[in-house]
Amino acid sequence: EREVLRQRHYRRVMGNRYLEQMRAGETLSPAQQLCMTVQLSIPAMLAQVSSIAMQYIDASMVGHLGANASGSIGLVSSTTWLFGGLCSAAAIGFTVQVAQSIGAGKDQQARSLVRQGLVATLGFSLLLLGIGVSLSSGLPAWLGGEPDICPDASRYFLVYSLTLPVTMSNYLTGGMIQCSGNMKLPSFLHVVMCLLDVVFNSLLIFPTRQAWGITLPGAGLGVMGAALGTSLAQLTVGLILLGYLLAGPQVLALRREEKLVFSPQQLKRAVKISLPVGCEQFIMCSAYVMATRIVSPLGTIAIAANSFAVTAESLCYMPGYGIGTAASTLIGQSVGAGRKDLTRRLAWLTTGLGVGIMTVSGALMYLFAPAMMALLTPDPSIRALGAAMLRIEAFAEPLYGASIVAAGAFRGAGDTFMPSCFNFLSMWCVRIPLSAFLAPRMGLQGVWLAMCIELCFRGLLYLGRMKGRGWMKEKL
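Residues numbered from 1 in each chain as written. Predicted model: local features only at pLDDT ≥ 70, side-chain atom pairs only at ≥ 80, totals over all residues. Heavy atoms only, no water.

> What exactly am I supposed to notice about the layout of surface pockets here?
The gaps left among the atoms become clear once a water-sized probe is rolled over them. What the largest pocket holds in volume is close to 330 Å³. What lines the largest pocket is a set of 15 residues, and nearest its centre among them are Ala90, Phe124, Val271, Ser274 and Leu275. For the lining of the largest pocket, the secondary structure elements donating two or more residues are α4 (67-103), α5 (107-135) and α11 (264-295). When residues of the lining of the largest pocket are assigned to their parent elements, the largest contribution, eight residues, is made by α11. Of the residues assigned to the lining of the largest pocket, the class counts are twelve nonpolar, three polar and no charged. (1 Å grid on protein atoms, 1.4 Å probe; cavity = no way out; pocket = protein on both sides within 12 Å on 5 of 7 lines; lining within 4 Å. Points joined across faces, edges and corners; volume = space filled by probe spheres on them. Helix = DSSP H or I, 4+ residues; strand = E, 2+ residues; numbered from the N terminus. Nonpolar A, V, L, I, M, F, W, Y, C, P; charged D, E, K, R; others polar.)

Right under this line is the structure:
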């Protein structure tokens, strides 16, 4: 009886009968395929946009403390991306297998992967925590930060490092719930996380103050308050996600009669999938660290403008990452169900949708670049420089969208090695050398021009890979 209730809840929450039809081997018309893609993409896009909204909130609140406070967060942002990317990579090794197991109708195997994933990734996140804490004191100076921003940058990164197990748990639990076809709950909780972030940041960043005739309490912790506020918001939502995954009325919830048993084959495949993604994240984020070192000599204003512009741009490409998440679920379940007839069509469909969405978002970013920067900082010099960078980057958004969604599709099929090679080639052979050449001659504009060229080159590489069939050879 309990299992029947679980299945009913699963179908109700997913609200997508087309996934069930796909797993059952039924034929889906092009309109049904598009409808299925959109139904999964919209909640995933909402989740990604709300995630970036948290960065907007942090950047906007800290921006009112001055350029030094903004620069301190911008200085270590590339390193936080690196650690977050490694957490995401570790989670992907298990979430892809969960999607393919559900597509194949192997629900018990999917639950076994949930248990193994929770234990394995906890150990990995604790290792990252130790590394982050040990690096926190000397990292800002190594990145080339000016002495007046290094202390705040160090404290911010220390708090971030201490909450890496929470970050890891959120990636894993949210990803597994999404791969089961339930995009709605993680998306809703991401919105809740944004609201909590506003509340916690307001209480922790600013001192007690008067507003609208009301006394608002505050701890006055500044940059460190932003790190603590975000961490508390993530912890609150993370506990809800973990509780739903382990005990909720859905197919991945743990059963008393099923014990934790480590499967060498499944763990080996998790490493096989995660390792290229982890290398990719290291390649990408180490390149971001190198880019930070290229930008740092340009001064605090350039560092802050670069950081704010990256945050502003992310609002435009996060819809692409949302569609990429949906693509991973669709491709993963179609591969698990043995639907080779759908796998290739769904990959092109999701990629085309991503290119279309990001073409529109790129055009909007070009038009509203000054307004986007105005939301983040009151400093006119940072606003003007950041807006100019966004208008350069707007031309890269369509092909950037192609690379983002295609990567999600390849990941769902278990193909992670070649995308890592593409990213290494584009970042270290195009962006970094070109940035190092142009920065002394054009300033920050040269760095962003190099970024625009590299993203277009990367998109073409991914489209060429999708045109072939090599990425479809991976099997569960």
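> Looking at this structure, I do not really get the nonpolar core. What am I missing?
The tendency in soluble globular proteins is for nonpolar side chains to be buried as a group. In this structure, Met176, Leu252, Leu390, Leu444 and Trp448 are the most contacted members of the largest nonpolar core, which totals 92 residues. Residue contributions to this core peak at 13 residues, all from α4. Excluding anything up to four places from it in sequence, Leu252 contacts Val98, Ile102, Ala110, Arg111, Val114, Met176, Ser180 and Leu245. Among the nonpolar cores identified, the runner-up in size contains 23 residues, and Leu28, Leu330, Ala347 and Tyr462 belong to it. (Core = buried A, V, L, I, M, F, W, Y, C linked by side-chain atoms within 4.5 Å. Buried < 20%, exposed > 50% of the residue type's maximum accessible area, 1.4 Å probe, protein only. Contact = heavy atoms within 4.5 Å.)

> I'm lost on the pattern of salt bridges in this one. Help?
Two side chains with opposite charge may pair up if their charged atoms get near one another. Here the structure, examined in full by the defined rule, presents six salt bridges. For Glu454, the salt bridge is made with Arg431, and the minimal N-O distance between the two is 2.6 Å. Here the residue Glu454 occupies a position in helix α17 (residues 444-467), and Arg431 occupies one in helix α16 (residues 417-442), the gap between them amounting to 23 residues. Its relative accessible area of 0% is what places Glu454 among the buried residues. Among the charged side chains, a salt-bridge network with shared partners connects Arg111, Arg115 and Glu258. (Salt bridge = Lys/Arg side-chain N within 4 Å of Asp/Glu carboxyl O.)

> What am I meant to see in a nonpolar patch on the surface here?
A cluster of nonpolar side chains, namely Val360, Leu364, Tyr366, Leu367, Phe368 and Phe395, defines an oily patch on the protein surface of about 640 Å² accessible area. Locating Val360 in the fold gives a position in helix α13 (residues 340-374). (Patch = residues over 30% accessible without salt bridge, like charges linked within 9 Å, V, L, I, M, F, W, Y side chains within 5 Å. Areas by Shrake-Rupley, 256 points an atom, 1.4 Å probe, with all protein chains shown as cover.)

> Got a minute to help me understand the packing of helix α12 (residues 300-336) against helix α15 (residues 397-412) in this structure?
Relative placement of two packed helices is described by the angle separating their axes and the distance separating the axes. The N-to-C vectors of α12 and α15 enclose an angle of 25°; their axes lie 7 Å apart at closest approach. As judged from the angle between their axes, α12 and α15 are roughly parallel. The interaxial crossing formed by α12 with α15 has right-handed handedness. Between α12 and α15, the residues in contact are Glu313, Cys316, Tyr317, Gly320, Tyr321, Ile323, Gly324, Ala327, Ser328, Ile331 and Gly332 and Glu397, Tyr400, Ile404, Val405, Gly408, Ala409, Arg411 and Gly412, respectively. For the contact of α12 with α15, a count of residues per class yields ten nonpolar, six polar and three charged. (Axes fitted to C-alpha atoms, helices over the stretch in contact; angles between N-to-C directions. Parallel < 35°, antiparallel > 145°, perpendicular 65-115°, else oblique. Left-handed = near helix turned anticlockwise from the far one by under 90°.)

> Help me out: how do you make sense of the environment of Asp379 in this one?
Mapped onto the elements, Asp379 comes out in the loop between α13 and α14 (380-393). Residues Asp379 and Ala305, 74 residues apart in the sequence, show an inter-C-alpha distance of 9.7 Å. The residues contacting Asp379, other than those within four sequence positions of it, are Ala67 and Ile301. Among the polar contacts made by the side chain of Asp379, one reaches the side chain of Ser381 at a distance of 2.5 Å. (Polar contact = N/O pair within 3.5 Å; in protein donor to acceptor, adjacent residues only side chain to side chain.)

> Explain the packing of aromatic side chains to me, please; I cannot follow it from the model alone.
Working definition: an aromatic ring pair is given by the centre-to-centre distance plus the angle between the planes. The full count for this structure, using the stated rule, is eight aromatic pairs. Between Tyr366 and Phe395 the ring centres are 5.9 Å apart and the planes differ by 70°, which places this aromatic pair in the edge-to-face class. Of the two residues, Tyr366 sits in helix α13 while Phe395 sits in the loop between α14 and α15, which places them 29 residues apart along the sequence. The exposure class assigned to Tyr366 is partly exposed, which follows from its relative accessible area of 38%. For Phe395, a relative accessible area of 61% gives the class exposed. An angle of 45° between the planes, with centres 5.3 Å apart, marks the rings of Phe410 and Trp471 as tilted. Taken together, the positions of Phe410 in helix α15 and Trp471 in the segment after α17 put the pair 61 residues apart, joining distant regions of the chain. By way of ring pairs, the aromatic residues Phe410, Phe422, Tyr462 and Trp471 are connected into one cluster. It is Arg293 that lies over the ring of Trp142; its NZ or CZ is 4.8 Å from the centre. Sitting over the face of the ring of Phe437, Arg441 holds its NZ or CZ atom 4.0 Å from the ring centroid. (Phe/Tyr/Trp six-rings, centres within 6.5 Å; stacked < 30°, edge-to-face > 60°. Lys NZ or Arg CZ within 6 Å of the ring centre and 35° of its normal.)

> How should the packing of α4 against α12 be read in this particular structure?
Their axes nearest at 11 Å, the elements α4 and α12 cross at an angle of 5°. Taken together, α4 and α12 sit at an angle that is classed as roughly parallel. Judged by residue contacts, Ala67, Asn68, Ser70, Gly71, Gly74, Leu75, Trp81, Ala99, Gln100, Ile102 and Gly103 of α4 engage Thr300, Ile301, Ile303, Ala304, Ser307, Phe308, Val310, Gly332, Gln333, Val335 and Gly336 from α12.

> Looking at this structure, how should I read the environment of Gly468?
Mapping Gly468 onto the fold places it in the segment after α17. Owing to a relative accessible area of 28%, Gly468 belongs among the partly exposed residues under this scheme.

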